[in-house]
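Here are the chains, one letter per residue:
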Amino acid sequence: MPSYATGRILFEKDIDGVAKPVHNLDLQLLDDDYGHDTLLATGKTDMHGRFRMAYEPKDAGLFDIPDLKLSVLLPETLYTKKATGEGLELKRVLIPLPGFESPVATDVKEETYDFGDVRVKLYEYLEPADGPTPRLLVDDTHVLPQTQRAGRKLALTEKIAEVATYKLGLKPWPLPLTKKMEAEKPGSTQTDEFFVEMMLNGFNPVLFKRERTGAQRYYVDWSWKGQIQDGVHYAPDTRCFFDRVADGKIGKFVLIGIEIAKRFGDYTAGDDALMVPPKMYTPEDGKELWDRVKRIVRSNYFVFGEAQTHLGGTHLNVEQYIVPVVRNLRANPVVSLLTPHFYGTVDINHAADGLLVKENGGAVISVPEGSAAVVATIGSILRAGMRQMNWHGFSPRTPQATNDRYAHAANVYWGVLTRYVDYYFAEHM
């Protein structure tokens, strides 16, 4: 005669004061044998988080009264090489939920043993949600709900060792791109051509806006309007103008001028009452002044790009999707489509918290050194950028010019991605 183990799995935190069950969660019932556990049964929770697993007590071993141990498993979907060695295939595996302390009942003789309500910390939301997007809760133990891939651990170990050689002076630090370019060809990073290249294809690839319908003049701008500054550094509003000139089928962009708008209000209070009308600068103003003006623009490009494109668009924008997907989707075939591409993101984001985001889920944010921004400014800029991110109806921007390499590459990747998604749904839905 079989015996039974029952219970209910709930999220660690209630939602609006109501316990939230964890559905379709994979479970294992084990006989706890000091590191040599014996599998007695497997099962899943139902839509109400409840489970009932049948097992044979004799499977615990001769003269052994079962010590029932409940293990919670999470599905992971991996890309692995096919047995033929050609191409990849999706493989679904189950791993123990990191940080979960399995409840153990010793010497169970009852025909039905009830574990009761078991709380699991499964991608819990950070509260209070002080950041611009929902964040994953990582407590003081720093145990992440997803372990690092073996390859990433190895790569990190190698990189840490490499960095140590730089810090000890055993090797010179590698040069960043701009310094490397300058070493090879002095002045190459100060040209107007490189300025356009950075705007279109750098770490913050901006979208050039057309002045009016049908015009061949475009602009990109960054405004500090309403933003608090530190009152020390100079950070005016900037607007760059570009003409699209003949080159191939769609032409290329060239920089023709930059407007600078100074603010003389109370910088530390975000007062925009006193604004000097913008002044236009062009290459005809002389190389020294023109280079200084471009440097001011590049400062704005970096500050806004770091807050909106990097921290917002890369880290926080993705994490806000990962948390609800893992919390709510397990039996859905969409899981196998999404989760391989999510793997490692929460680990990377948590590591970035020490560099880009400080305590309390983004309430305190690092400020780029040497800029006029303060903590509140970066938070405000970040929120403004996040409000514009919407995947509904998304597609990459249409290439605006031959030197818009980012858009050309993005559309190639988008085509590959959409074909793969179509293939996936045809195969699995």
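Our structure's up above, just so we're on the same page.
Here we summarise the structure given alongside this text. This one's a predicted model, so the numbers in the text were calculated from it and none came from an experiment.

## Structural notes on the environment of Lys44
And step 1. Relative to the assigned elements, Lys44 resides in strand β3 (residues 38-44).
And step 2. A sequence separation of 21 residues divides Lys44 from His23, and the C-alpha atoms of the two residues are 7.9 Å apart.
And step 3. If we skip the residues at most four places from it in the chain, Lys44 touches Asn24, Leu25, Asp26, Arg50, Phe51 and Arg92.
And step 4. Of note is the side chain of Lys44, whose polar atom sits 3.1 Å from the side chain of Asp26.

## Focus on the pairing of strand β2 (residues 26-31)
And step 1. Counting buried positions along β2 gives 5 out of 6 residues, so the element sits mostly inside the fold.
And step 2. Counting the residues in the hairpin turn of β2 and β3 gives 6 residues, including Tyr34, whose phi is positive at 55°.

## Thoughts on empty space enclosed by the protein
And step 1. In this structure the tally under the stated criterion is 4 cavities of 30 Å³ or more.
And step 2. In terms of lining, the largest cavity is formed by 13 residues, of which the most central are Pro75, Glu76, Tyr123, Val326 and Thr339.
And step 3. Elements represented by at least two residues in the lining of the largest cavity include exactly β5 (68-81), α4 (287-328) and α5 (334-342).
And step 4. The residue makeup of the lining of the largest cavity, split by class, is 9 nonpolar, 2 polar and 2 charged.

## A closer look at a nonpolar patch on the surface
And step 1. Nonpolar side chains collect at one region of the surface, where Tyr321, Trp391 and Phe394 lie side by side and expose about 310 Å² of accessible area between them.
And step 2. Structurally, Trp391 is set in the loop between α8 (375-386) and α9 (405-428).

## A short note on the pairing of strand β6 (residues 88-96)
And step 1. The pairing of β5 with β6 spans 9 bridges and is classified as antiparallel. Each residue of the ladder has a partner; that of Thr80, found in β6, is Glu89.
And step 2. A loop of 6 residues connects β5 with β6, the two strands running antiparallel in sequence, and Gly85 in this loop sits at a positive phi of about 85°.

## Side note on the packing of aromatic side chains
And step 1. Taken as a whole, this structure holds 14 aromatic pairs when the rule is applied.
And step 2. Ring plane angle 85° and centroid distance 5.0 Å describe the contact between Tyr113 and Phe115, whose orientation is recorded as edge-to-face.
And step 3. Between Tyr424 and Phe425, the aromatic rings sit 6.1 Å apart at their centres with planes inclined by 90°, giving edge-to-face as the arrangement.
And step 4. Using a relative accessible area of 32% as the deciding quantity, one classes Phe425 as partly exposed.
And step 5. Through a chain of ring-to-ring contacts, three or more aromatic side chains come together here, namely Phe203, Trp222, Tyr301 and Phe302.
And step 6. A cation over a ring is seen here: Arg52 above Tyr4, with NZ or CZ 3.8 Å from the ring centre.
And step 7. Over the face of the ring belonging to Phe11 we find Arg327, whose NZ or CZ atom lies 4.0 Å from the ring centre.

Definitions and cut-offs
Residues numbered from 1 in each chain as written. Predicted model: local features only at pLDDT ≥ 70, side-chain atom pairs only at ≥ 80, totals over all residues. Heavy atoms only, no water. Helix = DSSP H or I, 4+ residues; strand = E, 2+ residues; numbered from the N terminus. Contact = heavy atoms within 4.5 Å. Polar contact = N/O pair within 3.5 Å; in protein donor to acceptor, adjacent residues only side chain to side chain. Buried < 20%, exposed > 50% of the residue type's maximum accessible area, 1.4 Å probe, protein only. Pairing = 2+ DSSP bridges. 1 Å grid on protein atoms, 1.4 Å probe; cavity = no way out; pocket = protein on both sides within 12 Å on 5 of 7 lines; lining within 4 Å. Points joined across faces, edges and corners; volume = space filled by probe spheres on them. Nonpolar A, V, L, I, M, F, W, Y, C, P; charged D, E, K, R; others polar. Patch = residues over 30% accessible without salt bridge, like charges linked within 9 Å, V, L, I, M, F, W, Y side chains within 5 Å. Areas by Shrake-Rupley, 256 points an atom, 1.4 Å probe, with all protein chains shown as cover. Salt bridge = Lys/Arg side-chain N within 4 Å of Asp/Glu carboxyl O. Phe/Tyr/Trp six-rings, centres within 6.5 Å; stacked < 30°, edge-to-face > 60°. Lys NZ or Arg CZ within 6 Å of the ring centre and 35° of its normal.

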